[in-house]
Amino acid sequence: MKNWSGNIEYRPAEIARPSSISELQKVVADSSNVRAYGSGHSFNTLADTDGTLIAFSEFDKNIEIDSSKMLVRVPAGVRYGEVAPKLHANGFALRNMGSLPHITVVGATSTGTHGSGVGNKNLSGSIAEIELITATGDAITLDQSELPAARVALGSIGIIHHLTLDIVPTYDVAQTVYFDLPFVQLISNLDAILSAGYSVSVLSMWGDEFVDQVWVKSKIGTNPVLTQNEWFGAKLATRKSNPIREADSAAATEQFGLPGPWFERLPHFKLDFTPSFGEELQTEYFIDRKDAPAALNAIYKIREELSELIMVCEMRTVAQDENWLSEAYGRETFVFHFTWRPNIPAVEKLLLKIEASLEPFKARPHWGKVFTNNAFDFSSLYPKFNSFLTYRGTYDPSRKFVNKLLETWGF
Ligand SMILES: Cc1cc2nc3c(=O)[nH]c(=O)nc-3n(C[C@H](O)[C@H](O)[C@H](O)COP(=O)(O)OP(=O)(O)OC[C@H]3O[C@@H](n4cnc5c(N)ncnc54)[C@H](O)[C@@H]3O)c2cc1C
């Protein structure tokens, strides 16, 4: 069994597919090593185990909306692409989405998956309640006071069977794409560009003096929809675009400033198409937004070394939060997200250079992507890392939920 991009082979001793909470309790209680699988869109072995891998393909699919409390309760294994249309049909929405609707709500929030927007937290920021199975097989609802510790927990405190998320009234978004933004304009107008919409993505191949594309997603009624032909020296796109220049534009969500429901504009990719490219690797580094100009210049200096492997580099923002292992914990965040051709040894070599360039900015790597495992001291990058390990240990003293990758990260 492989992950979505095919770079990881999961090697569990067995796969369990519980169809009820009581079956799930029994699987967890009876296994000495357990991990859960979402939709396998992570690029590393985070979801793997040499014990029991739990898949939710046979589990409850019932999405429950509580309109009086403005909450939605979502079972494990359910994807954003299933939750979003149901919310919209009932007049509701989520605050944000990642670049693709194919990922599960539980798997995505567990790694701190994010979209973009200076005012938008990552997806775990919407979690209002966590229901999970502990190492003993007990079914519990975490106390509200535990949520900052538990919202981004990498599957290490228990197996989540339902998450409840905050919802908002539905809204429309329009997406406008610009081509060829001069790099000097990006650096000198960074805040204005990143704040030009509800969600903004800057996409570059780092090949020349220009940034290839800027995708501005405007919330109708809140942000003006950009229509000008020239914007900070960039040109309004007159043809549809994919974030990856060589990929099919049909897979991308609608553009040209045409308003549509939030869930058909906030992701870059449509649910019924392959997102991104397919055969690829991804890495992602999170820094403090105030360091973004210096970090952009640091990457600019090594840009020629990226050219053979890069498919695209997407730069986004994430609002700070209070969730202990969130990559945006305690700082307004700027993100470098690289999509690479799937040449693992060459990518690993290049990552050493990128990580050295971003080291002065205390870059935090995305938990679900490829990075140099032993290059990061998580206890210095995350002020609450050691508190998290203590907290986790209270639920999992026998280390049932710790796999080999988590061990290399200090768990
Ligand atoms: C094409 C592509 C585009 C992407 N775009 C973005 C993006 O825009 N922004 C971003 O931040 N990331 C992005 N990612 C990364 C992706 O969002 C994360 O890797 C995410 O965690 C994958 O979700 P998943 O459902 O596939 O979970 P998996 O990869 O299957 O699992 C992730 C983690 O969640 C745990 N988990 C899953 N289910 C449970 C459960 N029921 N209980 C406890 N733990 C559980 C797993 O054990 C594992 O630790 C992208 C990935 C791809 C392939």
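Residues numbered from 1 in each chain as written. Predicted model: local features only at pLDDT ≥ 70, side-chain atom pairs only at ≥ 80, totals over all residues. Heavy atoms only, no water.

Asker: Just give me the short version of the domain arrangement of the protein, but keep the residues and values in it.
Answerer: When cut into domains, the protein gives domain 1 (64-169) and domain 2 (172-375). Contact between domain 1 and domain 2 buries roughly 3000 Å² in total, counting both sides, with carbon and sulfur atoms accounting for 60%. Here domain 1 is connected to domain 2 by two salt bridges. For Lys 121, the salt bridge identified is with Glu 322, shortest N-O distance 3.9 Å. Those elements that place two or more of their residues in the side of domain 1 that touches domain 2 are helix 2 (80-89), strand 6 (92-93) and helix 4 (147-150). The biggest single contributor to the side of domain 1 that touches domain 2 is helix 2, with five residues. (Domains from an automatic or database assignment. Buried area = accessible area lost by both parts, 1.4 Å probe. Salt bridge = Lys/Arg side-chain N within 4 Å of Asp/Glu carboxyl O. Helix = DSSP H or I, 4+ residues; strand = E, 2+ residues; numbered from the N terminus.)

Asker: Got a sec to walk through the nonpolar core? Specific residues and values, please.
Answerer: When a protein is soluble and globular, its nonpolar side chains tend to lie buried together. Judged by nonpolar contacts, the single largest core of 118 residues is most densely connected at Trp 206, Trp 262, Phe 336, Phe 338 and Trp 340. When residues in this core are grouped by element, the largest group, six residues, is from helix 7 (residues 292-301). The two domains that each donate at least three residues to this core are domain 1 (64-169) and domain 2 (172-375). Apart from residues lying up to four places away in sequence, Trp 340 is in contact with Glu 280, Leu 281, Thr 283, Leu 306, Leu 309, Ile 310, Met 311, Val 347, Leu 350, Leu 351 and Ile 354. Counting 10 residues, the second-largest nonpolar core is a separate cluster that includes Trp 215, Ala 237, Ala 247 and Ala 252. (Core = buried A, V, L, I, M, F, W, Y, C linked by side-chain atoms within 4.5 Å. Buried < 20%, exposed > 50% of the residue type's maximum accessible area, 1.4 Å probe, protein only. Contact = heavy atoms within 4.5 Å.)

Asker: Describe the pattern of salt bridges, naming the residues involved and giving the relevant values.
Answerer: In this structure the tally under the stated criterion is 19 salt bridges. Across the salt bridge formed by Asp 212 and Arg 245, the nearest N and O atoms sit 2.1 Å from each other. With Asp 212 in strand 13 (residues 210-219) and Arg 245 in the loop between strand 15 (234-236) and strand 16 (260-261), this residue pair connects regions lying 33 residues apart in the sequence. You can call Arg 245 exposed: its relative accessible area is 57%.

Asker: If you had to explain helix 1 (residues 21-30) to someone new, which residues and values would you point to?
Answerer: Looking at helix 1, one finds that the buried residues are Leu 24, Val 27 and Val 28. Angularly, the buried residues of helix 1 cover 95° about the axis, an arc narrow enough to put them on a single face. Among the exposed residues of helix 1, those pointing more than 90 degrees away from its buried face are Lys 26 and Asp 30. The secondary structure elements touched by the buried residues of helix 1 are strand 1 (14-16), strand 2 (34-36), strand 3 (52-54), strand 7 (127-133) and strand 9 (159-166). (Arc of directions from axis to C-beta.)

Asker: Tell me about the pairing of strand 12 (residues 199-204), residues and numbers included.
Answerer: Working note: regular strand, side chains alternate between the two faces of the sheet. For strand 12, a buried count of six out of six residues is recorded, marking the element as mostly surrounded by other parts of the structure. What you see with strand 12 is no split at all: Ser 199, Ser 201 and Leu 203 on one side and Val 200, Val 202 and Ser 204 on the other are buried throughout. Both strand 12 and strand 13 contribute to a ladder of five bridges, which runs antiparallel. Bridging from a neighbouring strand, Ser 199 pairs with Lys 217 of strand 13. The pairing of strand 12 with strand 18 (residues 310-318) spans three bridges and is classified as antiparallel. (Pairing = 2+ DSSP bridges.)

Asker: Just give me the short version of the sheet that holds strand 4 (residues 64-66), but keep the residues and values in it.
Answerer: Across the sheet, which stays open at both edges, the five strands sit in the order 4-5-9-7-8 with antiparallel pairing between neighbours. Two strands close off the open sheet at either side, each with one partner strand: strand 4 and strand 8 (139-141). The average angle at which neighbouring strand axes cross in this sheet is 15°, direction not considered. Relative to strand 5 (residues 71-75), strand 4 runs antiparallel, the two being bridged by three bridges. Paired with Asp 66 across the two strands is Leu 71, which belongs to strand 5. (Axes fitted to C-alpha atoms, helices over the stretch in contact; angles between N-to-C directions.)

Asker: With reference to specific residues and values, describe the packing of aromatic side chains.
Answerer: For the structure on display, the rule yields 29 aromatic pairs. Taking the centre distance of 4.8 Å and the plane angle of 40° together, the rings of Trp 367 and Phe 378 count as tilted. In this pair, Trp 367 is assigned in the loop between strand 20 (364-365) and helix 10 (378-381) and Phe 378 in helix 10, connecting sequence segments 11 residues apart. Seen from their ring centres, Phe 388 and Phe 411 are 6.0 Å apart, and the 65° between their planes marks the pair as edge-to-face. Here the residue Phe 388 occupies a position in helix 11 (residues 385-395), and Phe 411 occupies one in the segment after helix 12 (404-408), the gap between them amounting to 23 residues. The pair Phe 388 / Phe 411 is uniform in exposure class, with both members buried. A cation over a ring is seen here: Lys 219 above Tyr 171, with NZ or CZ 4.5 Å from the ring centre. (Phe/Tyr/Trp six-rings, centres within 6.5 Å; stacked < 30°, edge-to-face > 60°. Lys NZ or Arg CZ within 6 Å of the ring centre and 35° of its normal.)

Asker: Describe the site of the ligand, listing the residues and the values that go with them.
Answerer: As a structural note, the neighbourhood of the ligand is formed by 37 residues, with Ala 36, Ser 39, His 41, Ser 42 and Thr 104 the closest of them. Separating an oxygen atom of the ligand from a side-chain N or O atom of Arg 35 is a distance of 3.1 Å. Thr 113 is positioned with one of its side-chain polar atoms (N or O) 2.9 Å from an oxygen atom of the ligand. A total of 980 Å² of accessible area belongs to the ligand in isolation, and the protein chains cover 99% of it. Those elements giving two or more residues to the shell around the ligand turn out to be strand 2, helix 3 (105-110) and strand 9. If you tally residues by element for the shell around the ligand, the top one is helix 3, at four residues. By residue class, the composition of the shell around the ligand is 15 nonpolar, 19 polar and three charged. (Near = heavy atom within 4 Å. Polar contact = N/O pair within 3.5 Å; in protein donor to acceptor, adjacent residues only side chain to side chain. Areas by Shrake-Rupley, 256 points an atom, 1.4 Å probe, with all protein chains shown as cover. Nonpolar A, V, L, I, M, F, W, Y, C, P; charged D, E, K, R; others polar.)

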